[in-house]
Structure formats: C-alpha cells, structure tokens
Number of protein chains: 2
Amino acid sequence: MASEYIEPLERLADMFRRLDGVGKKTALRYAFSVLNFTEDEAREFADALVACKTEVVLCGECQNISTDEVCPICSSPNRDGSTVCVVEDPRAVYAIEKTRQFGGVYHVLHGTLSPMRGITPDRLKIKELLQRISKSMDEGQTEIKELILATNPTVEGEATAMYIAKLLTPLGVKVTRIANGVPVGGDLEYADEVTLRRAMEGRYTIG
Amino acid sequence: MASEYIEPLERLADMFRRLDGVGKKTALRYAFSVLNFTEDEAREFADALVACKTEVVLCGECQNISTDEVCPICSSPNRDGSTVCVVEDPRAVYAIEKTRQFGGVYHVLHGTLSPMRGITPDRLKIKELLQRISKSMDEGQTEIKELILATNPTVEGEATAMYIAKLLTPLGVKVTRIANGVPVGGDLEYADEVTLRRAMEGRYTIG
C-alpha cells in the first residue's frame, strides 16, 4: 500500500491547500475534520462554497463585494457620496464600518500596487475610481469632494496611496490620507476601533 | 449597515469554523480565499467535500477509512493477519505504513478513552476488536496471535492501551506495547525526563 491517504481524502486536502495560508499537514487535518461531519453538514458546506462564488458580485459603484448590483452602502440615502474612502480590500470596509464614525462611501481597490508581484495599476480598480470621479462631475450627480486614501500603512499601501494622490490631485479633488494612528506595518483588519477612529480623524492632505 | 460581512461570506466562514482548530479570523480569511477562486474551482472543492462523506466508509475488518468495504491492507494476501497493530486513528496507520516495516494488519479505535470528555469504551471500536479476535479463533480463519498496542504515548493513549491489555490478556492473545525512548535524530538535551527514563529502562545489549 502506498503511503498516501485514500483518494477522496487526498483530493479534499488538495482543495484545502488552495486556501490562504494552509499547508499540507493543516489541509489533511481539515480533511479529517470533514470525515467527522454528517453528510448533511458536508453538503451544507459544499453549498456555501458554491454560493460564495455564485451569489457574490462586485458593487457597480464601489467595487466592494456585494449580493446586489449596488451595495447597501452605495444605495443608502443616508451616506454622503461626496466623501469616498479608498481601501485595499472588503475587509477594510468592514473594519471602518465597525467604528460607526464614517458616513461617506467607499472604493475598494482589490489590492495594492506591487511591481515585484506584477500588480500594476490596471490590475486594481483604479480605472473605476477615475470613472466614478469623472461621472460625479456631471450635472445632477453628487460631486466627489474628498478622497480619503485608507490603504494599509505598509510599503505597498503607502505607494498605492501616493500613486492615486498624484493621479487625482490635478483633477481638483481633495485627497487625504488616514493618519498614522494605525500601527505602521499592521493591517486595517486587525486595528482596534479607537485606533481606526483616531486615524480617520487625523487624516491629512497629501500630493 | 451592520458590521457583519455579506451573508454568503459569513455562511461560508461559519462552515470553515467547524474544522478542527479554525477560529473566527482564520475562517473569514479562508472565506475570502474562496472569493478568489473561479466558480469551477469552488464547485470542484464542493464536490470533493461531499465525496469525502459519500465515498469513504470504514473497513469492515480494521475500521480504517476506506473506499472499499474491506480496505486494501485487510484484503491483501501479503499481509500477516495474525499480528494486529491497534492504533487511535487512520493517521497512525499511514505513519506506520510509511516505515515499510510492518507486515501485519491494523485495528483503528477512532479515539482514546477519556472519561472527562465522555469517551467511554463503547464509543471506540473496541467491541469490533473483540469480535475480530473471537472470529479469528474459528476454524479456517487466521488466528490473531499478537496485538501490538500502538496508541499514542499520551495519558489517554496509555490508559486506552492499559484498558485493552486488561481486556484481552485473559483471552490468551499476546498483547504488546510499542517502546518509549528517545526519537532517532533527536537530542538527549531536549528529551523530557519521562522519555529518558523509559529509554534507559528499555536499553538493550549491542555489539
């Protein structure tokens, strides 16, 4: 007998390995966990996996993940469409929402510039941001007056913020950057709410 | 907007949390990973999950996980059915198979005794082991001559081994326990005192 596990188990472990940060041993542990599920639980899990792909789209406005064409934040009449907070990923949106301090809207870039990893501006939702600003200048639209660059305080996040600031300042939009209240080198997802609130309050003009 | 993620994402994260050792943050990270899958990949993952439940059964002989009613080890004519190695879980079977040294067969208990966690003998495959031994004494069957207790060298593993030994010795079966000692390639400095004591006790003559 080979020193391999049975095929269905190996196959499932291979799938778990595709998840962010899962190695071979962990993937096998997860596959063994599934063996202890009931068949109904496994099917429920399977359905949730497929639903996560089939039911989730990107909001046509802010590019955040959404189950609607336009997300609840963008379609809310209570949100101030003139202030747009630009973030790296959906997790940052939820982190900021948790502070209950920000009344504007968002724009999700889905990444940061990283020439080393081949992430060039066209790979991010920067074109969509430009289109959004340009559209906001049309008559009858809520004009975007301020862009808060809330990318992570990492090398890539700062570089991305600088890139966008240089791109947008000539358009006459006020571009601000969240303050270094967020610990440098950290990730918005893991910042506590008070720190995030301070960071929002302490934003400054760049570019 | 609530400080919750969109429903399909939360639902999938809840599923990941059911896996052994996965907390809330990790479950969410995994759910976000799935967002980066293609729909085909998600379906492949979903199919593998269900297959792991529908295609995997327990071998009628050794209780190891199998895709056949009787696993390849138990049905192999090259394995010695008179020596049965008793292990806690399928992972131990594969660990021992990797050594390519053991030519006998296995019996998988699927756990260890743990009164604290409510794991009593009837929750393990001990009844099946007794039936197997009793059946092996019938005419025309390969008689089980030795049972090697290879449960883990933990408190629960030792207690389980002791329990089975007491249960089986009266039946006239030779019951052995795998040796304790310093791991090959290890360093005495890092071996704990109990392990070292056992290694000293189990010393053998060389040369």
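The structure we're discussing is the one just above.
Overview of the structure. Computed from a predicted model, the values in this text were never measured in an experiment.

1. Points about the interface of chain B and chain A
Here is step 1 of the chain: At the interface, 52 residues of chain B touch 54 residues of chain A.
Here is step 2 of the chain: Taken over both partners, the interface formed by chain B and chain A buries close to 5600 Å², and the fraction arising from carbon and sulfur atoms is 71%.
Here is step 3 of the chain: Counting every contact that joins chain B to chain A gives 8 salt bridges.
Here is step 4 of the chain: The salt bridge involving B:Arg29 is made with A:Asp20; its shortest N-O contact spans 3.7 Å.
Here is step 5 of the chain: On inspection of chain B and its partner chain A, the count reaches 10 residue pairs in polar contact (both at pLDDT 80 or more).
Here is step 6 of the chain: Those elements that place two or more of their residues in the side of chain B that touches chain A are α1 (7-17), α2 (24-35), α3 (39-54), β2 (65-66) and α5 (90-98) of chain B.
Here is step 7 of the chain: The biggest single contributor to the side of chain B that touches chain A is α3(B), with 14 residues.
Here is step 8 of the chain: In terms of residue class, the side of chain B that touches chain A is built from 29 nonpolar, 7 polar and 16 charged.

2. Some words on the sheet that holds strand β5 (residues 146-149) of chain A
All names here are of chain A.
Here is step 1 of the chain: Across the sheet, which stays open at both edges, the 5 strands sit in the order β4-β3-β5-β6-β7 with mixed pairing between neighbours. Strands at the two margins of the open sheet, each flanked by one partner only, are β4 (104-108) and β7 (204-205).
Here is step 2 of the chain: This element, helix α5 (residues 90-99), spans β3 (80-87) and β4 of the sheet and lies at about 160° to β4.
Here is step 3 of the chain: Packed on one face of the sheet, helix α7 (residues 155-168) meets β3, β5 and β6 (174-177) and runs near 170° to β6.

3. So, the environment of B:Val105
Residues and elements named next belong to chain B.
Here is step 1 of the chain: Locating Val105 in the fold gives a position in strand β4 (residues 104-108).
Here is step 2 of the chain: Using a relative accessible area of 6% as the deciding quantity, one classes Val105 as buried.
Here is step 3 of the chain: Sequence separation between Val105 and Leu147 is 42 residues; the distance between their C-alpha atoms is 9.8 Å.
Here is step 4 of the chain: Val105 has contacts with Ile73, Arg79, Asp80, Gly81, Thr83, Val84, Cys85 and Arg132, leaving out every residue within four places of it along the chain.

4. Remarks on a positive patch on the surface
Here is step 1 of the chain: A surface patch of like charges, here positive, comprises A:Arg17, A:Lys24, A:Lys25 and B:Lys98.
Here is step 2 of the chain: Along the chain, A:Lys25 falls in helix α2 (residues 24-35).
Here is step 3 of the chain: Since its relative accessible area comes to 75%, A:Lys25 is described here as exposed.

Thresholds, definitions, all that
- Residues numbered from 1 in each chain as written.
- Chains lettered and ligands numbered in written order.
- Predicted model: local features only at pLDDT ≥ 70, side-chain atom pairs only at ≥ 80, totals over all residues.
- Heavy atoms only, no water.
- Contact = heavy atoms within 4.5 Å.
- Buried area = accessible area lost by both parts, 1.4 Å probe.
- Salt bridge = Lys/Arg side-chain N within 4 Å of Asp/Glu carboxyl O.
- Polar contact = N/O pair within 3.5 Å; in protein donor to acceptor, adjacent residues only side chain to side chain.
- Helix = DSSP H or I, 4+ residues; strand = E, 2+ residues; numbered from the N terminus.
- Nonpolar A, V, L, I, M, F, W, Y, C, P; charged D, E, K, R; others polar.
- Pairing = 2+ DSSP bridges.
- Axes fitted to C-alpha atoms, helices over the stretch in contact; angles between N-to-C directions.
- Buried < 20%, exposed > 50% of the residue type's maximum accessible area, 1.4 Å probe, protein only.
- Patch = residues over 30% accessible without salt bridge, like charges linked within 9 Å, V, L, I, M, F, W, Y side chains within 5 Å.
- Areas by Shrake-Rupley, 256 points an atom, 1.4 Å probe, with all protein chains shown as cover.
- Lys, Arg positive; Asp, Glu negative; His and termini not counted.
- Charge placed at Lys NZ, Arg CZ, Asp CG, Glu CD.

So far we have only geometry, and geometry alone does not tell us how the molecule works.
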